[in-house]
Amino acid sequence: MKKKKGATMITVLVLMMTILTVGMVFLSVVLNDFKMSNRNSENVASLYGAESGLETAYNILVKVFDYAVDRANHEVETKFDSNMDLEKSQEEMNELFQSTFIKVFETKESENSQGILQDSINNLTYPVFNPNSQGQSQTRFQSIDFKPEGEIEIEVVQDRDPDNLTFKFLFISTFMKHSMTKEVSERQVSVQYTMKVPHYQGALQQQLVTKTIPNYPVFTDSVVNIDGNADFKGSIDIKGNIRIKGKEKASTSIQSLDSKYENGIIIKDALVKLEGDLMTNETVSLHNQSNVEIDGNIFARNLYIGEFTNETALPTHAELIVQESLLLDNDLVVNPQAALDKKITTKVWMSNLYGLNDKNELKADGTPFRESSSLIINSEGAKVTVKDSTYLSGVAYIDTKDPYQTGESVAVRGNYLVYNRILPGYEGKVQLKYYDPMLLVESIENDSSIQAKAEYFVKSAQDGALTLSTGGVSLNPQDVHTIGAWVSEQQPVGKGQATFSEDEINFLMDKRQEYARQVYNMGMKAEVSNYEKGLVLKSITSGKNGEAQINFDYLRSHPNLEFRNYYGEVIANADENIVIKVEKNEFGTNDIIYVDRQKNNVVKRISDVNKAFIVTAGDVHFVGNVYLIGNVIAGGDLIMEADNSDQDGIQLVYDKKVTQQIIALNYDSFKNLFNRNTEILNQTEVEVVDGATLDKMNTNYYVEDYIAVNNWRLVK
């Protein structure tokens with residue numbers, strides 16, 4: 001029995017030890033599972049904590065974005081000027097808006113600042129823009145409701161791409177929490193956002209006003225209006241009327257070919273096309289290789305084609321086409337340097353020829369003031385065609401010491417020999433007189449009239465006493481009206497009519513009145529008496545007889561006069577020593593340069609000009625391949641010098657609407673510049689943009705359009 005009891009005790013003890021061991025093992029397993037579960041739970045909580053940091057950082061980023069937009073909008077509104085250049089202002093306002101927006105994110109307010117975004121995240125605040133009543137910007141910071149159950153650290157890595165105007169923000173959120181067992185649970189996550197810098201959404205609204213402006217003759221009907229001479233060289237295309245007063249000839253007892261025709265419009269080695277009328281009180285002259293087409297009329301004292309005595313004797317290759325009429329106060333003179341083979345190298349074509357002047361007038365010093373109108377061919381190699389009407393009110397003179405009056409309205413070199421001989425049957429009827437250096441017919445049977453000399457001239461052709469040259473002149477025989485004799489390829493010789501009929505006189509009176517209107521009175525109403533006086537009534541600056549159209553004294557007394565350049569650049573210069581130079585720049589637009597003529601240095605340069613209203617007391621010089629819309633009004637000369645290698649050359653375009661808009665927008669400045677005592681054609685109502693207002697309607701900057709998430713990553 002005692003042995004059995006002992007064995008039982010051992011068995012019980014072994015069983016109890018086994019149960020205890022199993023229980024201890026089970027308890028240890030359960031305890032470990034609990035710890036692991038608790039640790040996982042804390043890790044998840046830490047991950048959520050780190051995620052909440054990213055969410056908070058994003059919310060603050062959105063608030064800073066809104067703040068930056070408010071600051072940028074305020075900056076644009078503060079800097080807004082109602083007189084801004086509308087063509088450039090939208091871009092300028094956008095640049096101001098974006099630069100202010102970027103500055104908000106990149107500026108550090110103090111040495112310890114890490115930037116507004118990092119500072120706001122560190123302090124768990126966000127900025128609010130609140131301008132005061134004076135419009136001054138003020139910023140206040142508002143706290144956010146964020147209380148994490150642990151320690152959180154949010155780092156911002158910020159970068160900007162200047163080319164694409166984008167920011168990149170890398171947010172790194174680290175969350176740490178201590179457990180009851182004093183273990184630390186730490187999780188770290190990151191996310192990257194891309195933020196586009198927004199464009200300014202506001203816009204300018206034009207303020208349209210209607211202004212009434214007087215149409216002064218100085219700018220109303222012409223693209224060019226100057227007092228001096230005009231020199232054209234190279235390829236030139238002009239759309240609009242050209243009015244060139246021309247310099248007055250210097251008084252001299254010697255009336256050389258050069259001095260007689262040297263002033264006015266000089267076209268040399270040029271290709272000129274004009275859509276409009278060409279007007280000058282002096283001479284239109286073509287030299288060397290010049291090709292000119294006028295889609296209108298020419299009004300001039302003389303038209304001269306050929307070379308001057310001081311020039312190289314190269315053959316003249318010139319061509320002139322006048323689609324409408326050539327109206328001359330004096331002569332049409334064709335004096336080309338002929339080619340060796342005698343071929344035609346100079347051609348002149350027009351619809352109508354009107355030689356208006358019927359008398360010779362001398363100045364006090366004895367030099368010619370005006371000469372009666374005729375057509376003169378002084379050399380071979382020319383072809384002159386008048387398609388329709390020819391009216392010539394005067395006759396040619398032989399250039400003797402004391403000028404000799406012929407009986408020819410169309411005079412060809414060599415035909416003057418008629419007056420140097422006595423024709424058969426006229427012996428005893430002709431009186432001769434010595435005109436140095438020639439002995440010439442003074443009268444026929446004591447009649448020295450134009451009619452008597454014309455009949456003598458025609459008789460020489462009919463009798464075959466002298467072979468007369470037509471000089472390449474081609475007239476319409478059915479519509480020729482001349483005082484003296486004329487020659488033409490269609491009809492070798494015509495006697496002329498000595499006097500005009502009443503209808504012819506009335507017709508010529510209308511043409512003289514039109515000539516006076518265009519040449520002497522700058523397009524304003526004129527009378528026949530104005531033509532008879534032969535004096536320019538209106539000029540840019542005050543001349544001997546002309547009424548000045550521009551008050552340059554007003555410009556001189558108001559040097560700081562301001563002009564608005566929305567419709568075109570206004571060039572207003574009262575210094576005669578300044579040359580206004582227009583040339584093409586490397587960007588394809590024009591530079592307008594003020595050049596001091598005496599010092600030969602640049603005083604001022606204005607770039608990027610395509611439209612301009614130029615008013616200057618001095619000269620204007622176009623150089624190279626220039627395209628300009630506008631007006632040129634000058635007291636000096638106009639030089640247009642295009643490079644023949646340039647395909648387009650110089651192009652000057654008159655746009656009536658642009659001119660009126662420039663004048664209307666600046667009329668408060670212009671009204672004292674144009675002399676008020678002058679006539680006006682009429683008045684015009686012009687609608688112009690007079691300033692602008694800032695339209696801020698519908699400016700919504702939705703953050704989802706500008707901020708995008710890129711990469712989320714679990715760091716640890």
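The notes below deal with the structure included here. Please read all numbers here as calculations on a predicted model, not as lab measurements.

Observations concerning the overall build of the protein
Thought 1: The helix and strand inventory of the protein stands at eleven helices and 43 strands.
Thought 2: Counting only residues that meet the buried cut, the protein has 49% of its 716 residues in that class.
Thought 3: Across the protein, contacts joining residues at least 24 apart in sequence account for 62% of those joining residues at least 6 apart.

Some words on the layout of surface pockets
Thought 1: Within this model, the second largest pocket holds a volume of roughly 540 Å³.
Thought 2: Considering the residues around the second largest pocket, the lining is formed by 26 residues, among which Pro-559, Leu-561, Glu-562, Phe-563 and Ala-572 are closest to the centre.
Thought 3: Of all the elements in the fold, those that place two or more residues in the lining of the second largest pocket are α9 (552-557), β33 (569-573), β36 (601-609) and α11 (667-670).
Thought 4: By residue number, the principal contributor to the lining of the second largest pocket is β33, which donates four residues.
Thought 5: Taken together, the residues of the lining of the second largest pocket break down into 13 nonpolar, five polar and eight charged.

Details of the side chain of Ser-389
Thought 1: Inspection of the secondary structure puts Ser-389 in the loop between β22 (382-386) and β23 (390-392).
Thought 2: Setting aside chain neighbours within four positions, we find Ser-389 in contact with Ser-351, Asn-352, Leu-353, Tyr-354 and Asp-479.

Quick word on the pairing of strand β40 (residues 638-641)
Thought 1: The side-chain alternation of β40 yields one buried face, formed by Leu-638 and Met-640, and one unburied face, formed by Ile-639 and Glu-641.
Thought 2: Across four bridges, the pairing between strand β8 (residues 230-239) and β40 is parallel. By the bridge assignment for β40, Ala-230 is matched with Leu-638.
Thought 3: Pairing geometry for strand β38 (residues 620-623) and β40, over four bridges, is parallel. Bridged to Phe-622 within β40 is Met-640.

Digging into the environment of Val-218
Thought 1: Note on placement: Val-218 falls in helix α4 (residues 217-220).
Thought 2: Judged by its relative accessible area of 1%, Val-218 is buried.
Thought 3: For the pair Val-218 and Ile-633, spaced 415 residues apart in sequence, the C-alpha separation works out to 7.6 Å.
Thought 4: Setting aside its immediate chain neighbours within four residues, Val-218 contacts Asn-225, Met-522, Ile-540, Gln-549, Ile-550, Ile-633 and Phe-674.

Observations concerning unusual backbone geometry
Thought 1: In this model, Asp-436 is joined to Pro-437 through a cis peptide bond whose omega is 15°.
Thought 2: Residue placement: Pro-437 occurs in the loop between β27 (430-435) and β28 (438-444).
Thought 3: Positive phi, close to 50°, is recorded for Asp-269, a residue that is not glycine.
Thought 4: Mapped onto the secondary structure, Asp-269 falls in strand β10 (residues 264-275).

Regarding helix α3 (residues 116-123)
Structural remark: α-helix, 3.6 residues per turn; residues separated by three or four positions point the same way.
Thought 1: Among the residues of α3, Ile-116, Leu-117, Gln-118, Ser-120 and Ile-121 are the ones counted as buried.
Thought 2: At the C-terminal side of α3, Leu-124 shows a positive phi close to 50°.

The rules we used
Going along each chain's sequence as written, the residues are numbered from 1 onward. Whole-chain, interface and lining totals are the exception, using all residues; otherwise, since this is a predicted model, local features are given only for residues with pLDDT of at least 70 and side-chain atom pairs are given and counted only at 80 or more. The side-chain numbers reported here are obtained from all heavy atoms of the structure, hydrogens and water having been left aside. Going along the chain from the N terminus, every DSSP run of H or I of four or more residues is numbered as a helix, and every run of E of two or more is numbered as a strand. In this scheme, a residue with accessible area under 20% of its type's maximum is buried, one over 50% is exposed, and one in between is partly exposed, where area comes from a 1.4 Å probe on protein chains only. Throughout, a contact is declared for two residues whenever any of their heavy atoms are within 4.5 Å. Here a cavity denotes a set of grid points, spaced 1 Å apart and computed over the protein atoms alone, in which a 1.4 Å probe fits but from which it cannot get out, and a pocket denotes an open set meeting protein on both sides within 12 Å along at least five of seven lines; residues with an atom within 4 Å of a point are reported as lining. Grid points are joined across faces, edges and corners, and a volume is the space filled by probe spheres set on the points. Here the nonpolar group is Ala, Val, Leu, Ile, Met, Phe, Trp, Tyr, Cys and Pro; Asp, Glu, Lys and Arg are the charged ones; every other residue, Gly included, is treated as polar. Think of it this way: DSSP has to see at least two bridges between two strands before they count as a pair.

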